[in-house]
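Listed here are the chains, written in short residue letters.
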Amino acid sequence: MATDPRSSFAAEIARLARKYKGAGRAQATTKNGYTVLFTGMWGEDVGAIDITDPDGHEIRRADGWKLGKTAEVAEFLWDVLQEDKASAAERKRLAGLKSVSITSADAIGPASSKETSRYHLTPEQLAQLRTLAEQMAAANESVAAGD
């Protein structure tokens, strides 16, 4: 029996596909509130599936497959939907932050090196970083002038 959400989702989608086999087009809502639209359902073939989760995230697959592969397709779509939701949450978390690339250089020693990293900073952090960079540049200028 399917107990994890992914397997339960896949089993329910497969059950709905079997239920509407040959319907041409069918729409249903799962127990957990996902809206599922099957199109191109003729005989043992499913043409496409559109799935919308309760939060409005939507995913579609339209390359066609055999009815018996619907659970496998649904598991794949579950994974993609979860990745999309995670990406959306990350974008929301980063909203209002400024993306900056900082390159650090080591010019001392026999092998100089450069390394670039990306950071997401609040406007306040960015202002502090600029101030610090200006202070470091001024300090470097005074050291260079002393040489």
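Before any of the text, the structure's been laid out above.
So, here is what we can say about the structure in this document. A quick note: this is a predicted structure, and the numbers were derived from the prediction, not measured.

Rules of the game
- Residues numbered from 1 in each chain as written.
- Predicted model: local features only at pLDDT ≥ 70, side-chain atom pairs only at ≥ 80, totals over all residues.
- Heavy atoms only, no water.
- Core = buried A, V, L, I, M, F, W, Y, C linked by side-chain atoms within 4.5 Å.
- Buried < 20%, exposed > 50% of the residue type's maximum accessible area, 1.4 Å probe, protein only.
- Helix = DSSP H or I, 4+ residues; strand = E, 2+ residues; numbered from the N terminus.
- Contact = heavy atoms within 4.5 Å.
- Expected span 1.5 Å × (residues − 1).
- Pairing = 2+ DSSP bridges.
- Axes fitted to C-alpha atoms, helices over the stretch in contact; angles between N-to-C directions.
- Salt bridge = Lys/Arg side-chain N within 4 Å of Asp/Glu carboxyl O.

### Some points on the nonpolar core
Consideration 1: With 22 residues, the main nonpolar core has F9, I13, F38, I49 and I51 as its most contacted residues.
Consideration 2: Secondary-structure elements contributing two or more residues to this core are α1 (5–19), β2 (35–41), β4 (48–52) and α2 (70–94).
Consideration 3: Tallying contributions element by element places α2 first for this core, with six residues.
Consideration 4: Ignoring sequence-local partners within four residues, the contact set of F38 consists of I13, L16, A17, G24, R25, A26, V46, A48 and I49.

### Quick word on α1
Consideration 1: With 15 residues, α1 ought to run about 21 Å at 1.5 Å a step, and its terminal C-alpha atoms sit 21 Å apart, in line with that.
Consideration 2: Listing the buried residues of α1 in full gives S7, F9, A10, E12, I13, A14, L16 and A17.
Consideration 3: The inward-facing, buried residues of α1 contact β1 (24–29), β2, β4 and α2.

### Structural notes on α2
Consideration 1: The terminal C-alpha atoms of α2, which comprises 25 residues, lie 36 Å apart, in line with the 36 Å expected from a rise of 1.5 Å per residue.
Consideration 2: For α2, the elements touching its buried residues are α1, β3 (45–46), β4, β5 (58–61), β6 (65–66) and β8 (113–121).

### Some thoughts on the sheet that holds β4
Consideration 1: Sheet architecture is open: four strands sit in the order β1-β2-β4-β5, paired in antiparallel fashion. Both outer strands of the open sheet, β1 and β5, are each paired with one neighbouring strand and no more. Sheet twist, expressed as the mean angle between neighbouring strand axes with direction ignored, is 10°.
Consideration 2: As defined by bridge partners, β4 adjoins β5 across four bridges and the pair is classed as antiparallel. In the sheet register, T52 faces β5, and the bridge partner there is E58.
Consideration 3: Across the sheet, α1 is in contact with β1, β2 and β4; its angle to β2 comes to roughly 45°.
Consideration 4: The strands touched by α2 within the sheet are β4 and β5, with β5 carrying the most contacts at an inclination of about 145°.

### Focus: the pairing of β1
Consideration 1: Relative to β2, β1 is paired through six bridges, and the arrangement is antiparallel. Its bridge partner lying in β2, G24 is registered against M41.
Consideration 2: Here β1 hands over to β2 after five residues, with G33 in that stretch at a positive phi of 90°.

### A word on the environment of Y20
Consideration 1: For Y20, the location among the structural elements is in the loop between α1 and β1.
Consideration 2: In this structure Y20 comes out as partly exposed when scored by relative accessible area, which is 22%.
Consideration 3: Spatially, the C-alpha atom of Y20 lies 21 Å from that of E58, the residues being 38 residues apart in sequence.
Consideration 4: Other than its neighbours up to four places away in sequence, Y20 contacts A26, Q27, A28 and M41.

### A short note on the pattern of salt bridges
Consideration 1: Applying the stated criterion across every chain yields a total of ten salt bridges.
Consideration 2: Between R61 and D63 there is a salt bridge whose closest N-O contact spans 2.5 Å.
Consideration 3: On the basis of relative accessible area, R61 is assigned to the partly exposed category, the value being 22%.
Consideration 4: E90 serves as the salt-bridge partner of R93, at 2.8 Å between the closest nitrogen and oxygen. With R93 and E90 both in helix α2, this residue pair falls three residues apart, about one helical turn.
Consideration 5: Relative accessible area serves as the criterion here: at 53%, R93 is assigned to the exposed category.

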